Amino acid sequence: MSPSLIQSIVYGLILGGAFSTFPCQASEAYREPWRPQLHFTPAKNWMNDPNGMVFYDGEYHLFYQYNPFGDKWGHMSWGHAVSQDLMRWEHLPVALYEENDIMIFSGSAVVDWNNTTGFGRNGTPPMVAIYTGHYTKKPLQNQQIAYSNDRGRTWTKYAGNPVLDIGAKDFRDPKVMWHAPTQSWVMTVAWPVERKIRFYASPDLKTWTHLSDFGPAGSTVGIWECPDLFPLRVEGPAWREKWVLIVNVGSGAPAGGSGCQYFVGEFDGTRFTLDSSPHMPQTRPTQALWADWGRDFYAAVSWSDIPKSDGRRLWLGWMSNWEYANDVPTAPWRSAMSLPRELSLRETSRGLRLIQQPARELKKLRTRRHRLSSATGSEANTWLRTLQTKSPLLEMAAELDASPGVSNIGLRLTTGAEESVVLRWSAGGIMNLDRSRSGKVDFHPKFSGAFESPEVSPGRRHRFRLIIDTSSIELFDNDGETCVTSLFLPMGKDRLFQLEGAPSSLKVKKLEIWELRSAMP
Ligand code: FRU
């Protein structure tokens, strides 16, 4: 028996307790305090980045950085789940284990439709995972592959690994796509300390040729990790696409700690060139753009192989921050993913911006709807006080107009005595999320606080959507132009919204609240 097979069997026995009830776990297991009901979490133990997201044969696959043995970072392996609707996830056994002193770091997966690897069997295309091997006994990271012939249920590491090795200590997180114009695979991979993204090409996922590098540019305070590269449609009647390069940064994001920046430009099969449209003047060609202004959106990457008939670019991020991720007081799991989101680009007064909306499948979880239109803010507050929402899982869509001269509006979500999360918008275009009195905040000095988003459209009109889960809030402002993702850990069970600022001079054009049903088994 090979050492890897023995190791897999041993792991299987150790993990038997955790996974013996697959695929239907007892539902009490998913009703612990703060257990997200709308967002993906592992049944138990530590999770960080989403990995290997790919759609194949009716299933969305979500792999993730996982510690099978504990609730802190370590022994990195690829956990695995599948979904048919992006909301309800079925847990599957760990796909790729740490083995021979090599941890399985972040990476991607593709369907090898043309069997360029030769891993396919009986005319069925293989799924191929491309990940970073992180060596625990020497300072080395290189790129490796593994394949599956059974819809991702079991995986074989390629005997010829590594497939790309530059002898670097930090060189990771390969994101691979099929580039049709050049009929080749293109890998986008981070050279973290250099603040560079490297591009490579391959005919078969096994041999790689260096194409070009991008960076340093934009935000260079933190190391660069988890890149992604994809074409994206610009909203509007005319068909127009630009290329988006995603670069997650380990620190130095606007709200502090880790965050997700992006660049808009062109990719010609060899090189990514940053846009220098009139809105992105040459004088500031490397201005950083941020996908999310909250504290808790990191390592976001997109799904591969979404069918053309669907046509969406979908992604999600890890809903935590490296500054305190290991200390968030949830058990027996630690960390959740953001909601899956649909992406597009929009031409705004500031230039092209990444637009995000919750995946439309979320609507399937809506149950009771409460609706108010054409009211003053004071009337809305009375209405909100009498709402008998039974669910802590809520979606709100609001359209508000402040009177001339009123500079600030606010929305407070009270969850208990002296306990709330507050959103504030200034007429100058700054949005602020304050979680300093939002419940449990004292587990880490960096968790508490108020965080600003300076890129909200200025003016008196406010239009936004909020998704509230048991321990998170996601704001999609101005039809997805500004996103703010934030954890909060309420101690109380109340869920009361109230408008603040000058409610009597606030016109509520529309306020819709849906109670959502849990997506847990
Ligand atoms: C990002 C990251 C990746 C790495 C993984 C290890 O959060 O540091 O660069 O592959 O986590 O778990």
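What you see is a predicted model, and the numbers here were worked out from it, not measured in a lab. In every chain, residue numbers begin from 1 and rise along the written sequence. Given that this is a predicted model, residues contribute local features only at a pLDDT of at least 70 and side-chain atom pairs are listed and counted only at 80 or more, while totals for whole chains, interfaces and linings are drawn from all residues. With hydrogens and water stripped out, all remaining heavy atoms of the structure feed into the side-chain values.

A.B. asks: Got a minute to help me understand empty space enclosed by the protein in this structure?
C.D. replies: Empty space left among the atoms is revealed by rolling a probe the size of a water molecule over them. Only protein atoms enter the 1 Å grid used here. Points where a 1.4 Å probe fits but cannot escape make up a cavity, open sets with protein on both sides within 12 Å along at least five of seven lines make up a pocket, and a residue lines them when an atom lies within 4 Å of a point. Grid points are joined across faces, edges and corners, and a volume is the space filled by probe spheres set on the points. Applying the stated criterion to the full structure yields nine cavities of 30 Å³ or more. Residue lining of the largest cavity: 14 residues in total, with V328, T330, S335, A336 and L487 positioned closest to the centre. Note on residue categories: nonpolar means Ala, Val, Leu, Ile, Met, Phe, Trp, Tyr, Cys or Pro, charged means Asp, Glu, Lys or Arg, and polar means any other residue, Gly included. For the lining of the largest cavity, the class distribution of residues is nine nonpolar, four polar and one charged. The domain boundaries here were taken from an automatic or database domain assignment. Here the lining of the largest cavity spans two domains, since at least three of its residues come from each of domain 1 (34–358) and domain 2 (362–516).

A.B. asks: Help me understand the packing of aromatic side chains, please; the structure alone is not making it clear to me.
C.D. replies: Each aromatic ring pair is specified by the distance between its two centres and by the angle formed by the two planes. Classification of ring pairs rests on two measures: the distance between centres of Phe, Tyr or Trp rings, Trp counted by its six-membered ring, which must be within 6.5 Å, and the angle between planes, read as stacked under 30 degrees, edge-to-face over 60 and tilted in between. One pass over the full model with this rule turns up 29 aromatic pairs. Between the aromatic rings of W73 and F105, the centroid separation amounts to 5.9 Å while the plane-to-plane angle is 75°, which identifies the pairing as edge-to-face. Of this pair, W73 sits in the loop between β2 (59–67) and β3 (77–83) while F105 sits in strand β5 (residues 102–111), and the two are 32 residues apart along the sequence. Only protein chains enter the accessibility calculation, which uses a 1.4 Å probe; a residue is then buried when its area is under 20% of its type maximum, exposed when over 50%, and partly exposed in between. Note on F105: relative accessible area 10%, which makes it buried. Helix and strand assignments follow DSSP, with helices taken as H or I runs no shorter than four residues and strands as E runs no shorter than two, numbered in order from the N terminus.

A.B. asks: Is there a simple way to think about the nonpolar core in this case?
C.D. replies: Across soluble globular proteins, nonpolar side chains have a tendency to be buried as a group. For the purposes of this section, nonpolar cores are sets of buried Ala, Val, Leu, Ile, Met, Phe, Trp, Tyr and Cys residues that join through side-chain atoms within 4.5 Å. If you look at the biggest cluster of nonpolar residues, it comprises 54 residues, and the most contacted ones within it are F272, L466 and F497. Looking at which domains feed residues into this core, each of domain 1 (34–358) and domain 2 (362–516) supplies at least three. Here L466 is in contact with L394, E395, M396, L411, L423, I473, E474, L475 and F497, once residues within four sequence places are set aside. The criterion used for residue contact is that any of the two residues' heavy atoms lie within 4.5 Å.

A.B. asks: Would you explain unusual backbone geometry in this entry?
C.D. replies: Of all residues except glycine, most have a negative phi; of all peptide bonds, most are trans. Here the residue pair N161 and P162 is connected by a cis peptide bond, since its omega of 0° sits within 30 degrees of zero. Within the element layout of this structure, P162 appears in the loop between β8 (156–157) and β9 (172–179). Residue P332 follows A331 across a cis peptide bond; omega there is 5°. Here P332 lies in the loop between β19 (314–318) and β20 (333–334). Backbone geometry places Q183, a non-glycine residue, at a positive phi of 50°. For Q183, the position within the fold is in the loop between β9 and β10 (184–191). Residue Q183 is classed as exposed on the basis of its relative accessible area, which comes to 53%. Backbone geometry at S335 places phi at a positive 95°, although glycine is not the residue there. Along the chain, the position of S335 falls in the loop between β20 and β21 (341–348).

A.B. asks: Can you walk me through the pairing of β3 in this structure?
C.D. replies: The two faces of the sheet receive side chains in turn, since in a regular strand these alternate between them. With seven of its seven residues buried, β3 lies for the most part within the structure. In short, DSSP must find at least two bridges between two strands for them to pair. Sheet topology places β2 next to β3; seven bridges connect them, and they run antiparallel. Within β3, the position partnered with H61 by the bridge is V82. Pairing geometry for β3 and strand β4 (residues 89–96), over five bridges, is antiparallel.

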